[in-house]
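Take a look at the letters that make up each chain.
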Amino acid sequence: GSDLDLDHDELGTIAEICRRLDGIPLAIELAASRTKVVGPSELLRRLDRRLSFLTGGPRDLPLRQQTLRSTIAWSHDLLEDSERRLFARLGVFAAGFSLDAAETVCADNGLAVLDGIASLVDKSLLRTEDPLHGQPRFTMLQVVRDFALEQLDALGDTERLRRAQADYYEGVIIAAEPDLRRDPRPVIEQYHADLPNIRAVLRWSLEVKEGGRVARMAIAMWPFLWIAGLLSESVEVVQQTLVD
């Protein structure tokens, strides 16, 4: 049975919330996560205030996408300042990431990354992935990540976070090179999990003309690249650094 003890009016309010959110699952999930703090009537009032004028982002998006975007913005607006900062920074990860990656790339003196991640998961802006080698992993849905990156740009922090991300993954790859030769399976599993982030780092490094970083990473990773069938792609990337 349900733990919810709702009367007829509250059930009607919840139905109206779902209708206002066009039945979009993520939008409903984001709204539902806030019922721990406010009741259905207050939730509908706050949502109505936000949804009555769809603000931010392209106005030519289909209405359902505008509704979803506006709900993400509404949920973001309710975050504490430190949570907003962390949310924006986590947008740099192209896919799933480890707690270690988040703490290294996103931390500053005033930011409690672990507590912030727990709060963002609780509020459905961040999702958990299957752990890897006993370490928790997290991810954002693409539509949420796009919004986070917009916030990061607005803060003027994108370049710094991209560089921190590049430094982190380069460091991980260089440090793992001996293990990749000695006991490759765990390292290969790690690289497969992080491949979207590694590719994002390589692309960014090319854009900012850091060919040395690309070459160092590719050389350290070459056994994985060969096993994963990515060697030709990597050769093209390294050749591009030589041309540039």
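Notes on the structure follow. Predicted model, so just to flag it, every value in this text is computed and none were measured.

**Remarks on the overall build of the chain**
Link 1 in the chain: Each helix and strand counted, the chain has twelve helices and three strands in total.
Link 2 in the chain: Sorting the 244 residues of the chain into buried and exposed places 44% on the buried side.
Link 3 in the chain: Here the analysis covers contacts within the chain between residues at least 6 apart in sequence; of these, 67% occur between residues at least 24 apart.

**Some points on the packing of helix H6 (residues 99-106) against helix H9 (residues 158-182)**
Link 1 in the chain: Relative orientation of the contacting elements H6 and H9 amounts to 135°, with a least axis distance of 9 Å. Considering their axes alone, H6 and H9 lie oblique with respect to each other. Along this stretch, H6 crosses H9, giving a crossing that reads as right-handed. Judged by residue contacts, Asp-100, Ala-101, Thr-104, Val-105 and Cys-106 of H6 engage Leu-161, Ala-164, Gln-165, Tyr-168 and Tyr-169 from H9.
Link 2 in the chain: Of the residues in the contact of H6 with H9, the class split is seven nonpolar, two polar and one charged.

**Description of the nonpolar core**
Link 1 in the chain: Judged by nonpolar contacts, the single largest core of 62 residues is most densely connected at Phe-87, Leu-90, Phe-93, Phe-97, Ile-117 and Tyr-191.
Link 2 in the chain: Considering every element that reaches this core, the biggest residue donor is helix H10 (residues 184-207), with nine residues.
Link 3 in the chain: The residues contacting Ile-117, other than those within four sequence positions of it, are Leu-86, Leu-90, Phe-97, Leu-99, Ala-102, Leu-126 and Phe-138.

**Regarding the side chain of Arg-213**
Link 1 in the chain: Here Arg-213 lies in helix H11 (residues 211-227).
Link 2 in the chain: Of note is the side chain of Arg-213, whose polar atom sits 2.8 Å from the side chain of Glu-210.
Link 3 in the chain: In this structure, Arg-213 is in contact with Arg-163, Ala-166, Asp-167, Glu-170, Val-201, Trp-204 and Ser-205, ignoring residues within four places of it in sequence.

**Points about the packing of aromatic side chains**
Link 1 in the chain: Considering all chains together, one arrives at four aromatic pairs under this definition.
Link 2 in the chain: Judged by centre distance (5.0 Å) and plane angle (80°), the rings of Tyr-168 and Tyr-169 are edge-to-face.
Link 3 in the chain: Residue Tyr-169 is classed as buried on the basis of its relative accessible area of 2%.

**Side note on helix H2 (residues 25-32)**
Link 1 in the chain: Turning to H2, its buried residues number three or more, namely Leu-26, Ala-27, Leu-30 and Ala-31. In an axial view of H2, the angular spread of the buried residues amounts to 135°, which keeps them on one side of the axis.

**A look at the environment of Leu-78**
Link 1 in the chain: Mapped onto the elements of the fold, Leu-78 is located in the loop between helix H4 (63-77) and helix H5 (81-90).
Link 2 in the chain: Along the backbone, Leu-78 and Arg-34 are 44 residues apart, and their C-alpha atoms lie at a distance of 9.4 Å.

**Observations regarding a nonpolar patch on the surface**
Link 1 in the chain: A contiguous nonpolar surface patch, about 390 Å² in accessible area, is contributed by Trp-222, Trp-226 and Ile-227.
Link 2 in the chain: Structurally, Ile-227 is set in helix H11.

**Concerning the environment of His-192**
Link 1 in the chain: Summarising the element assignment, His-192 is placed in helix H10.
Link 2 in the chain: Taking relative accessible area as the criterion, His-192 reaches 45% and is therefore assigned partly exposed.

**Focus on the sheet that holds strand E2 (residues 127-132)**
Link 1 in the chain: As summarised here, the arrangement of the three strands in space is E1-E3-E2, forming an open sheet in which the pairing is antiparallel. At either end of the open sheet lies a strand with only one pairing partner, and these are strand E1 (97-98) and E2.

**Things to note about the packing of H9 against H10**
Link 1 in the chain: Running from N to C, H9 and H10 point in directions that differ by 150°, and their axes come no closer than 9 Å. It follows from the interaxial angle that H9 and H10 lie roughly antiparallel. Of the two possible hands of crossing, H9 and H10 adopt the one that is left-handed. Together, Glu-159, Arg-162, Arg-163, Gln-165, Ala-166, Tyr-169, Ile-173, Ala-176, Asp-179, Leu-180 and Arg-182 of H9 and Pro-184, Val-187, Ile-188, Tyr-191, Asp-194, Asn-197, Ile-198, Val-201, Trp-204 and Ser-205 of H10 make up the contact between the two elements.
Link 2 in the chain: Considering only residue class, the contact of H9 with H10 consists of twelve nonpolar, three polar and six charged.

**Observations regarding the pairing of strand E3 (residues 135-139)**
Link 1 in the chain: Here two bridges tie E1 to E3, and the two strands are oriented antiparallel to one another. Residue Ser-98 lies in a different strand from E3, and its bridge partner there is Arg-137.
Link 2 in the chain: If you look at the hairpin formed by E2 and E3, you'll find two residues sitting between the two strands, and His-133 has a positive phi there, around 55°.

Definitions and cut-offs
Every chain's residues receive numbers from 1 upward, in the order its sequence appears when written. Given that the model is predicted, a residue must reach a pLDDT of at least 70 before its local features are reported, and side-chain atom pairs must reach 80 or more before they are shown or counted; all residues, however, enter totals for whole chains, interfaces and linings. Where side-chain values are given, they derive from all heavy atoms of the structure, hydrogens and water being excluded. Put simply, DSSP H or I for four residues or longer makes a helix, DSSP E for two residues or longer makes a strand, and each gets a number counted from the N terminus. Buried means the residue's accessible area, taken with a 1.4 Å probe over protein chains only, is under 20% of the maximum for its type, while exposed means over 50%, and partly exposed covers the values in between. In what follows, a contact means two residues having at least one pair of non-hydrogen atoms within 4.5 Å. The convention used is that axes are lines fitted to C-alpha atoms, helices contributing only their stretch in contact, and that angles between N-to-C directions extend from 0 to 180 degrees. Small angles under 35 degrees read as roughly parallel and large ones over 145 as roughly antiparallel, with 65 to 115 read as roughly perpendicular and the rest as oblique. Left-handed describes a crossing in which the near helix is turned anticlockwise from the far one by less than a right angle; the clockwise case is right-handed. Amino acids outside the nonpolar list (Ala, Val, Leu, Ile, Met, Phe, Trp, Tyr, Cys, Pro) and the charged list (Asp, Glu, Lys, Arg) are all regarded as polar, and Gly is one of them. To form a nonpolar core, buried Ala, Val, Leu, Ile, Met, Phe, Trp, Tyr and Cys residues must be joined to one another through side-chain atoms within 4.5 Å. Within 3.5 Å is the distance limit for a polar contact, defined as a pair of N or O atoms, with the added protein rule that one can donate a hydrogen and the other accept it, and that residues adjacent in sequence qualify only through two side-chain atoms. Working definition: rings of Phe, Tyr and Trp (its six-membered ring) pair if their centres are within 6.5 Å, and the pair is stacked with planes under 30 degrees apart, edge-to-face with planes over 60 apart, and tilted otherwise. Starting at the helix axis, one direction is taken to each C-beta atom, and the arc is that of these directions. Note on patches: the residues involved have over 30% relative accessible area and no salt bridge, like charges join within 9 Å, and the nonpolar side chains Val, Leu, Ile, Met, Phe, Trp and Tyr join within 5 Å. Accessibility throughout is a Shrake-Rupley quantity obtained with a 1.4 Å probe, and a residue counts as covered only by protein chains that appear here. We count a salt bridge whenever a side-chain nitrogen from Lys or Arg sits within 4 Å of a carboxyl oxygen from Asp or Glu. Should DSSP find at least two bridges between two strands, the strands are regarded as paired.

Just geometry here; none of it tells us what the structure is for.
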